[in-house]
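A structural walkthrough
Take a look at the letters that make up each chain.
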Amino acid sequence: MRSFVDVSHSRSTRSLAGCAALGLLAVATSTHAESVSGSAALTSDYVWRGTTQTQGNPAVQAGFSLSSDSGFYGSIWGSNVEFAPETRASSELDLTLGWSGTLSDAWALDTNLLHYRYPSTTVDLDWTELNGRLTYADRYWLSLGYSPKALGSDDDGVYTQVGARFPAGETFAVEVAAGYYALDDVYGDSYWHGQASAIWAVKAPFELRLAAHTTDSAAERMFGDEFAGSRVEAAVQASF
C-alpha cells in the first residue's frame, strides 16, 4: 500500500518531477496526434496490484489519451484514493508518456514512463516508474515495471505480471493474471497477488467488470489486513 512508505523526498524534488512529467506529456500532445480516446469508470473499490487504494470504498475514475501515427502517446488518468490519515491523500493523477506498436503479426510492445502524483497530500508520495508490456495474439501478456524510488521511497522496486484473456463470443471475456512485487529494498519483503475478471461489453460504449483479487500473507504483513488479502471489485466503464 503506497500510503505506508517512509517518505523522505523534499517538496522541491516532488515539484520538479511533476513538472518534468507534465513537460513530457506536452511533447506527446504535440506530435501530430491522430486520435483522442478516453474513459470514465465507477468502481466499488480501487484495487492496484492486489491492494486497495480506497480502503475498500468506491472510486470515480477518468482519463484521456492522445496518440500519434508514429505510436507515441501521452495520457492523463485520475482517481480518488484513501491512504493513511496522516498523508491526507485524497486524489491520484497518473501522467504517462509512451510508445506502442506491433513487432510482428502476433507480437506487440508497449513501453512507457508513468508518473504517479498525489496533488492533495501534505507529504511527498510522488514517484515515477518505467514500464514495458509484451503482448502475444492480443490474448497473452508479460509486463515489467521498475522504479528506483518505488512507492515514493528511496529504494528500488520491480513489478512483474503475466496474464491471459479468453474471449467468449463478441461481448464477453475472462481475464486471469498473476503478479509479483519485489520490494525487498523498500519493506524487506515481497509479495504475490492474483486476479480473475469477467468483462461484459453491455452496449457500446459501456462495459461491466467483476474482478476477484487475492494476495499472499506477505502483503498482509506489509500493508495490513484492511488493505491486502482477498476482495471483490465491481465496476462500470465507458470508453470513447
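Our subject in this report is the structure included herewith. What you see is a predicted model, and the numbers here were worked out from it, not measured in a lab.

Turning to the overall build of the protein chain, a few remarks are in order. For the protein chain, the helix and strand inventory stands at three helices and 14 strands. Taking contacts inside the protein chain between residues at least 6 apart in sequence as the whole, the part at least 24 apart equals 51%. As presented, the protein chain carries roughly 11,800 Å² of accessible surface, and 61% of it is formed by carbon and sulfur atoms.

With that settled, the discussion passes to the pairing of strand β4 (residues 59–68). Sheet topology note: the β4/strand β5 (residues 72–80) ladder contains seven bridges and is antiparallel. Within the sheet, the bridge partner assigned to Ser65 lies in β5 and is Ser75. In sequence, β4 turns back onto β5 through a hairpin of three residues, with Gly71 there showing a positive phi of about 105°.

Our focus in this paragraph is the pattern of salt bridges. Counting across every chain of the model gives eight salt bridges. Ionic pairing is found between Arg165 and Glu175, a salt bridge with its closest N-O pair at 2.6 Å. Highlighted residues: Arg165 in strand β10 (residues 157–167) and Glu175 in strand β11 (residues 172–183), separated in sequence by ten residues. Residue Glu207 pairs with Arg209 through a salt bridge whose shortest N-O separation is 3.8 Å. The class of Glu207 is partly exposed, set by a relative accessible area of 22%. Residue classification places Arg209 among the partly exposed residues on the basis of a relative accessible area of 29%. A cluster of three or more residues bridged by salt bridges with shared partners is formed by Arg165, Glu175, Glu207 and Arg209.

What follows concerns the nonpolar core. One finds Trp48, Trp127, Tyr181, Leu183, Tyr191 and Phe223 to be the most contacted residues of the largest nonpolar core, which totals 24 residues. Within the residue set of this core, elements represented by two or more residues are β7 (107–117), β11 and α3 (217–223).

What follows covers the environment of Ala219. Here Ala219 shows up in helix α3. Accessibility expressed as a relative area gives 0% for Ala219, which makes it buried. Setting aside residues no more than four positions away along its own chain, Ala219 makes contact with Tyr191, Gly224 and Ala228.

As a further point, take the pairing of strand β13 (residues 206–215). Note on strand geometry: in a regular strand, side chains alternate between the two faces of the sheet. As paired elements, strand β12 (residues 189–203) and β13 share nine bridges and run antiparallel to each other. Its bridge partner being in β13, Gln195 is matched across the sheet by His213. Hairpin connection between β12 and β13: a loop of two residues separates the two successive antiparallel strands.

The next point concerns the packing of aromatic side chains. Under the defined criterion, the tally for this structure stands at 14 aromatic pairs. Aromatic pair Tyr180 and Trp192: ring centres 4.7 Å apart, planes at 50°, arrangement tilted. Of the two residues, Tyr180 sits in strand β11 while Trp192 sits in strand β12, which places them twelve residues apart along the sequence. Joined through ring pairs, the aromatic side chains of Trp48, Tyr116, Trp127, Tyr159, Tyr181, Tyr187, Tyr191 and Phe223 make up one cluster. The ring of Tyr159 carries Arg49 above its face, with NZ or CZ at 4.1 Å from the centroid. The ring of Tyr181 carries Arg49 above its face, with NZ or CZ at 5.1 Å from the centroid.

Let us now look at the side chain of Glu175. By relative accessible area, which is 15% here, Glu175 ends up buried. Here the side chain of Glu175 touches Arg165 through a polar contact of 2.6 Å, side chain to side chain. Other than its neighbours up to four places away in sequence, Glu175 contacts Trp141, Ala164, Arg165, Gln195, Ala196, Ser197, Ile199 and Arg209.

Calculation rules
- Residues numbered from 1 in each chain as written.
- Predicted model: local features only at pLDDT ≥ 70, side-chain atom pairs only at ≥ 80, totals over all residues.
- Heavy atoms only, no water.
- Helix = DSSP H or I, 4+ residues; strand = E, 2+ residues; numbered from the N terminus.
- Contact = heavy atoms within 4.5 Å.
- Areas by Shrake-Rupley, 256 points an atom, 1.4 Å probe, with all protein chains shown as cover.
- Pairing = 2+ DSSP bridges.
- Salt bridge = Lys/Arg side-chain N within 4 Å of Asp/Glu carboxyl O.
- Buried < 20%, exposed > 50% of the residue type's maximum accessible area, 1.4 Å probe, protein only.
- Core = buried A, V, L, I, M, F, W, Y, C linked by side-chain atoms within 4.5 Å.
- Phe/Tyr/Trp six-rings, centres within 6.5 Å; stacked < 30°, edge-to-face > 60°.
- Lys NZ or Arg CZ within 6 Å of the ring centre and 35° of its normal.
- Polar contact = N/O pair within 3.5 Å; in protein donor to acceptor, adjacent residues only side chain to side chain.

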